[in-house]
Amino acid sequence: MNRNLQHLFNIAQKPQRLVVGLMSGTSLDGLDIALCRFSGHGMATKFELLEFTTTPYAADFKAEIQQLFAKKIIGLEKLTLMNAYVGSFHAELILAALKQWGVSPADVDMIASHGQTIYHAPKRLHGQAAYPNATLQIGDGDHIAVKTGILTISDMRQKHIAAGGEGAPLALYGDVIMGSQTGEDRILLNIGGIANLTWLPGNGNGAEIICCDTGPGNTLIDAACRKYFDMPYDEDSRIALSGKVSEALLDALLDNPYFKAPAPKTTGPELFSIAYVEKAQQVSNTTGLSLRDIVATLSAFTVKSISGFIQDNGMQSVKRILISGGGAKNKFVVDGLTAELAPAMISDTNYLGVNPDAKEAILFALLGNEALVGEPMHIGGNPAVLMGKFSFAG
Ligand SMILES: Nc1ncnc2c1ncn2[C@@H]1O[C@H](COP(=O)(O)OP(=O)(O)OP(=O)(O)O)[C@@H](O)[C@H]1O
Ligand SMILES: CC(=O)N[C@H]1[C@@H]2OC[C@@H](O2)[C@@H](O)[C@@H]1O[C@H](C)C(=O)O
């Protein structure tokens, strides 16, 4: 047997596997690196998070990504260079993390890499009938595999699209495994740049499970903090808590067909950008609003788009909401959700033994494990496919 196939076969036969999961999200705050140990697959998956770190991106790297990020028109040379560069850079960050943890690359069975989303274009956003749903993550897996010497799986979203999905949210497959609880209606809510949630009804009926992007999470709050306060984000919601919500602007922000479209649906900063906010300000005659009131209103927008989705989609019986992602630290948002969705109990995914900051990196490690040893999961009408492309080190 060819040695690469033999290597795959050997790893798939092991009772346990060490997998590094990577996530670099829309917030561009850094690379999340999770070292996990897996056994089993599907609903019988057992995993343990052994190590986790977020390696922050330096300002110049962020600026380079931002030249491409969510932009309709960019330089093709820059894109080509960055595809290779991001893969190679992520490999360096993984090697540094492994060194710090005292783990030899030879002991890691697989890296599962999300890559960096630079453009997300579901049909509802690009609106071009002849073209399918599309999404693009850069940071080629071959560069990670060759530089680290570790088998790498990457580019997970394309198969989801090929099988009829929008390429997201892939959280569905991990949330069903990590969060289902017979007898309790639950929601797993990730508040990253974009917010997404998975509805897990306690009756165990897979056909009723919904996984969907609800709209902006932190992306607009972050963009306003960058633009108006020269700060990367609203730490501990200090700015929002010092401002006042403008109901007129909030109504204008919520007035978009995205919020009325049926689930499942996905979105990104391609739609929810500062331009979106400025247009809503014009429509609602609120261009004179104080900068603090804008941040307060954008924070309320995150709350209302999440709570509105839950109320409009028949999830009012939810007993427990478990939050992950950086938005779990946004007091304004969490308090707002608690008030809107009472009497649901709101906490974070520590309740499940899952570090809320690491959850998405764990998800990609889990999807890699599924691709290697699992079977396609049939959850309602969602694509039932094993996702990702294998890159061999040699
Ligand atoms: N102490 C804090 N107070 C308020 N907000 C915070 C705090 N810490 C982090 N955040 C928010 O969390 C964001 C980072 O979240 P996260 O890492 O989950 O995003 P991401 O993974 O890039 O996004 P996505 O899931 O959309 O890909 C920051 O940009 C900030 O908005
Ligand atoms: C295209 C893309 O990168 N989408 C991200 C983004 O960040 C949050 C939300 O939008 C979600 O749909 C998705 O990521 C998570 C990990 C997912 O697929 O579940």
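Residues numbered from 1 in each chain as written. Chains lettered and ligands numbered in written order. Predicted model: local features only at pLDDT ≥ 70, side-chain atom pairs only at ≥ 80, totals over all residues.

Some words on the overall build of the chain
Part 1 of the reasoning: Per the secondary structure count, the chain includes 15 helices and 12 strands.
Part 2 of the reasoning: Its C-alpha radius of gyration of 20 Å places the chain within 12% of the 21 Å reference for a compact globule of 394 residues.
Part 3 of the reasoning: For the chain, the C-alpha atoms occupy an extent of roughly 70 × 50 × 45 Å along the three principal directions.
Part 4 of the reasoning: Pairs at least 24 apart in sequence give 72% of the contacts found in the chain among residues at least 6 apart. (Helix = DSSP H or I, 4+ residues; strand = E, 2+ residues; numbered from the N terminus. Rg over C-alpha atoms; globule rule 2.2 N^0.38 Å. Contact = placed C-beta atoms within 7 Å.)

Overview of the pairing of strand β10 (residues 320-324)
Part 1 of the reasoning: Buried residues dominate β10, accounting for 4 of its 5 residues.
Part 2 of the reasoning: When strand β7 (residues 186-191) meets β10, the two strands line up parallel, connected through 5 bridges. Looking at β10, one finds that Leu-189 is bridged to Ile-323.
Part 3 of the reasoning: Bridge analysis of β10 against strand β11 (residues 345-348) gives 4 bridges, and the strand direction is parallel. Across the sheet, Arg-320 pairs through a bridge with Met-345, a residue of β11.
Part 4 of the reasoning: Regarding the hand of the β-α-β motif, the stretch spanning β10, helix α14 (residues 331-340) and β11 is right-handed. (Buried ≥ 20, exposed ≤ 12 C-beta atoms within 10 Å, placed from the backbone. Pairing = 2+ DSSP bridges. Right-handed = clockwise from strand over helix to strand, strands pointing away.)

Considerations on the site of ligand 2
Part 1 of the reasoning: Every one of the 18 residues lining ligand 2 counts as a neighbour, but Thr-117, Ala-168, Pro-169, Ala-171 and Ile-194 are closest to it.
Part 2 of the reasoning: Secondary-structure elements contributing two or more residues to the shell around ligand 2 are β4 (110-121) and β8 (194-200).
Part 3 of the reasoning: Looking at the shell around ligand 2, you find at least three residues from each of domain 1 (3-155 + 358-391) and domain 2 (171-352). (Near = placed C-beta within 6 Å. Domains from an automatic or database assignment.)

Focus on the environment of Ala-44
Part 1 of the reasoning: Mapping Ala-44 onto the fold places it in the loop between β2 (30-39) and β3 (46-56).
Part 2 of the reasoning: A C-alpha to C-alpha distance of 8.0 Å links Ala-44 and Ile-177, two positions 133 residues apart in sequence.

Here we look at the domain arrangement of the chain
Part 1 of the reasoning: Assigned domains within the chain: domain 1 (3-155 + 358-391) and domain 2 (171-352).
Part 2 of the reasoning: Across the contact, 21 residues belong to domain 1 and 28 residues belong to domain 2.
Part 3 of the reasoning: At the level of secondary structure, the elements contributing two or more residues to the side of domain 1 that touches domain 2 comprise β4, α4 (123-126) and α15 (359-373).
Part 4 of the reasoning: No other element matches α15, which puts 6 residues into the side of domain 1 that touches domain 2.
Part 5 of the reasoning: When the residues that make up the side of domain 1 that touches domain 2 are grouped by side-chain class, the tally is 10 nonpolar, 7 polar and 4 charged. (Nonpolar A, V, L, I, M, F, W, Y, C, P; charged D, E, K, R; others polar.)

Notes on the environment of Ser-284
Part 1 of the reasoning: The topology assignment puts Ser-284 in the loop between α12 (274-283) and α13 (291-312).
Part 2 of the reasoning: When near neighbours in sequence (up to four residues on either side) are disregarded, Ser-284 contacts Ala-248, Leu-249, Asp-251 and Ala-252.

Here we look at the nonpolar core
Part 1 of the reasoning: Core analysis: the largest hydrophobic core is formed by 93 residues, its most contacted members being Leu-189, Ile-362, Ala-365 and Leu-367.
Part 2 of the reasoning: The two domains that each donate at least three residues to this core are domain 1 (3-155 + 358-391) and domain 2 (171-352).
Part 3 of the reasoning: With sequence-adjacent residues up to four places away left out, Ala-365 is seen in contact with Val-19, Val-20, Gly-21, Ala-34, Cys-36 and Ala-112.
Part 4 of the reasoning: Counting 8 residues, the second largest nonpolar core, distinct from the first, contains Ala-70, Met-82, Ala-121 and Ile-138. (Core = buried A, V, L, I, M, F, W, Y, C linked by C-beta atoms within 7 Å.)

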